[in-house]
Amino acid sequence: MGRSKAFGDMVFPTRSFMTLETVAHLGLLYFLFLVGVEMDVAVIRRSGKKALVIAAAGMALPFCIGTATSFVFRHQISTNVHQAAFLLFLGVALSVTAFPVLARILAETKLLNSDIGRIAMSAAIINDMCAWILLALAIAIAEVEGSAFSSLYVLLSGVAFVLVCFFVVRPIMWWLMRRTPEGQSISDGHICLILAGVMFAGVVTDAIGIHSVFGAFVYGLVIPNGAVGITLVERLEDFVMMLLLPLFFAISGLRTNVAEMKDILTVCLLVLVFVLASIGKIVGTILIASVYNTPLNEGLALGFLMNTRGLIEMIVLNIGRDKQVLDDQSFATMVLVSVLMTTLVTPVVTTLHRGSRRLVGYKRRNLQLSNPDSELRMLACVNTPRNVPSIISLLGIANPTKRSPIFVYALHLVELTGRASNMLILHSAANSTRTSNKSNTSSSPHIFSAFESYEQHAGGVSVQPLTTVSPYSTMHEDVCVLAEDKHVSLIVIPFHKQQTVDGGMEPINTSLKAVNESILNNAPCSVAVFVDRGLSASTVRLATSRRVMLLFFGGPDDREALAFSLRMIDNPSISLTVVRILPLEEHQSGTSSSSVVHNYPMANANSVEGQQLIQDEECLHQFRLRTVGRDYVHYIEKFVRNSEEAISTIRDLDSRHELFIVGRSYKNPSTDLTAGLKDWTDCPELGPIGDILVSSDFSMVVSVLVIQQYMPEGPQPALMTTARHGMESPMNNNQPVQQYVNNANVRMSDSTSSPTAPFNVGWN
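Residues numbered from 1 in each chain as written. Predicted model: local features only at pLDDT ≥ 70, side-chain atom pairs only at ≥ 80, totals over all residues. Heavy atoms only, no water.

Topic: the packing of helix H6 (residues 83-95) against helix H15 (residues 311-322)
Okay, so step 1: Running from amino to carboxyl end, H6 crosses H15 at an angle of 165°, the nearest separation of the two axes being 9 Å. Put simply, H6 runs roughly antiparallel to H15. Every pair of crossing elements has a handedness; the one defined by H6 and H15 is left-handed. Residues Phe89, Val92 and Ala93 of H6 touch H15, and the partners they reach there are Glu313, Val316, Leu317, Ile319 and Gly320. (Axes fitted to C-alpha atoms, helices over the stretch in contact; angles between N-to-C directions. Helix = DSSP H or I, 4+ residues; strand = E, 2+ residues; numbered from the N terminus. Parallel < 35°, antiparallel > 145°, perpendicular 65-115°, else oblique. Left-handed = near helix turned anticlockwise from the far one by under 90°. Contact = heavy atoms within 4.5 Å.)

This is the structure:
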């Protein structure tokens, strides 16, 4: 739009160019400083051989192809410029991968946490570091006014500058960080000195003959992890990213004069060089990926990802133009084809990855279908560090052992804010749980280290830390895809409210409520919503015994809650009480007093209700068989007339329990008792019973685990059961409902006429 005279004179008058360029250069200087602050050089050591080889191939092949082709056509495309410098600048511009843009693309395409995403990010970091070295070399060679000694002087001076930064400036920064008390930020005076150092580093490298951004980047690399880096990013990032850096792109756009692209032959040859170099990068990546048995379509997607262009290439091209290595025609052509290539990356990668993704089905999508003595795969979502003690306490309740271990995927949910540098840090943390983060915009390393510490001290638990960066509107997709890929049986999500000092509940983030509801509606396995109201307190965690109560109304969600409770029965330190709440009817018989009759609901065996009742009875029977002889497990039946009595019964329960486990029973209410409460629910994700337990009107302050069972669409498979009590299996077609009622009558004969009927777990 700057080519339009009216628009250009109004928005970009000629007299403003110098000011715009100065401010844009200042923004670029501090942006590269921040990139250096947030970049962990140790990532290169932890990247692994595969990422190193892919980065080398993805840089060497396009560099060689680009420079060789440019040399062949040098008389057409590089007239009136220094030939060696032109080839080197063009090679760097063709081989570089812009990791800030790549991180954003990976986050938006849900690939940041995938294998292909991790490899692409690691390779891009290595690629970027090499690009800066080559750029410094290209700038040194571009010193055409001097002799070969001048270029050697620039190179040696640049090496000396790097050594001084790492061996003189870095110890000073460490000394400054050690003087800063833990948990506090450095003083404003020290911040001013450090920021002035950015300008000084830029001046030094500019005086040496290397571009000033190189000095700012290296200066940022020497800032150590800790309070210094955190404070610098806090103070600078928004101002630099939102105000100063966009001016650099505006200046680059003003410099791109399409009208200068007059020589069609030169333009076509430059486009050919660019295309050949891009193809070389793709082919090189595919070849290396194939050596590591990576599928062709994933290798192709990785090749396109490595062709992501952006800020780094724009910097290279602008420096080349300033050094008069690139003329206006070459500059405009390279900018346009780079924008076009980056535009193609997202749709191509999305198409290739979705085409290659196979949703492999797995059977154990819920706990009821899993053996309680087998490994439980759990995906634990964490929003803030405060959720970590809650998840760890819940894992302790689940009783992981060597016989029934728990494999936990600890997933830190981070909102996508568009800050690519932060995504780089998250990626680094995902590669190593010991990585310290320099920005408090992500607390992933602290979260991961807590889980790692728990894994080392607890037996039967394995933890794999992961991070997803996504907008809240699509965050549930990341969670569901990861659960599908990892064959998870249970997703645990923290409630969107946290307990206050007075025992009430206040929202942490209103967006998390929508995320939780979306996960519940789209999850490929069972989901548990955990409301921590004291379970993670130190007094509870260090207690020698803990009391857990399960409220069983019936239905698939309650059966899933019962299946989760089965994992606790081998731990004598956990006192488990199962309370089954059943409907009761009163019948008047003449003038005699009313007699109470336990009303076990009846339904057609072929109906959904009949099948649900049979499965409830079978699950409870199996539970009692497994808990025979365990005096720390109790089973109680309570009979109520309506929803009001059900609520009153819950209020009268023993208040000494730390955790209540209930089924959600929101989509498919198990009985009329819970169906009547659905309309009064404030938090649908907790279901009617869970909502009552966490409401301010409830007298007890207890932690609540609300479980929703995964129910596959389509016809349900027949429930496999075994015969008992000398009768046929309930799933037999010979009057199954009548057998169900007979079983109930057997239990009634052992109970009293009281609405509350306790049973010993050894009852047979």
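And the narrative resumes.
A word on the packing of H6 against helix H8 (residues 115-141)
Okay, so step 1: Two elements in contact, H6 and H8, have axes separated by 9 Å at closest approach and are oriented at 165°. In terms of their interaxial angle, H6 and H8 are classed as roughly antiparallel. The handedness of the crossing between H6 and H8 is left-handed. Note on element contacts: H8 touches H6 through Asn127, Ala131, Leu134, Leu135, Leu137, Ala138, Ile139 and Ile141, opposite Ala84, Ala85, Leu88, Phe89, Val92 and Ser95.
Okay, so step 2: A per-class count over the contact of H6 with H8 returns twelve nonpolar, two polar and no charged. (Nonpolar A, V, L, I, M, F, W, Y, C, P; charged D, E, K, R; others polar.)

A look at the nonpolar core
General note: in soluble globular proteins, nonpolar side chains tend to be found buried as a group.
Okay, so step 1: If you look at the biggest cluster of nonpolar residues, it comprises 111 residues, and the most contacted ones within it are Phe33, Trp132, Ile194, Leu305 and Ile315.
Okay, so step 2: Broken down by element, the residue count for this core peaks at 16 residues, all from H8.
Okay, so step 3: If near-sequence neighbours (up to four positions away) are discounted, Leu305 is found in contact with Thr97, Leu102, Ile105, Leu106, Ile116, Ala120, Val345 and Val349.
Okay, so step 4: Within the second largest apolar cluster, 50 residues are counted, among which are Ala380, Ala398, Ala528 and Met568. (Core = buried A, V, L, I, M, F, W, Y, C linked by side-chain atoms within 4.5 Å. Buried < 20%, exposed > 50% of the residue type's maximum accessible area, 1.4 Å probe, protein only.)

Some words on the packing of aromatic side chains
What describes a pair of aromatic rings is the distance from one ring centre to the other and the angle between the planes of the rings.
Okay, so step 1: For the coordinates displayed, the defined rule picks out four aromatic pairs.
Okay, so step 2: Measuring from centroid to centroid gives 5.6 Å for Phe33 and Tyr219, while their planes differ by 25°, and the two rings are stacked. Here Phe33, found in helix H2 (residues 17-38), pairs with Tyr219, found in helix H11 (residues 212-221); they are 186 residues apart in sequence, far enough to count as distant.
Okay, so step 3: By relative accessible area, Tyr219 is classed as buried at 7%.
Okay, so step 4: The interplanar angle of 75° and the centroid separation of 5.7 Å between the aromatic rings of Phe248 and Phe249 together place this pair among those described as edge-to-face. (Phe/Tyr/Trp six-rings, centres within 6.5 Å; stacked < 30°, edge-to-face > 60°.)

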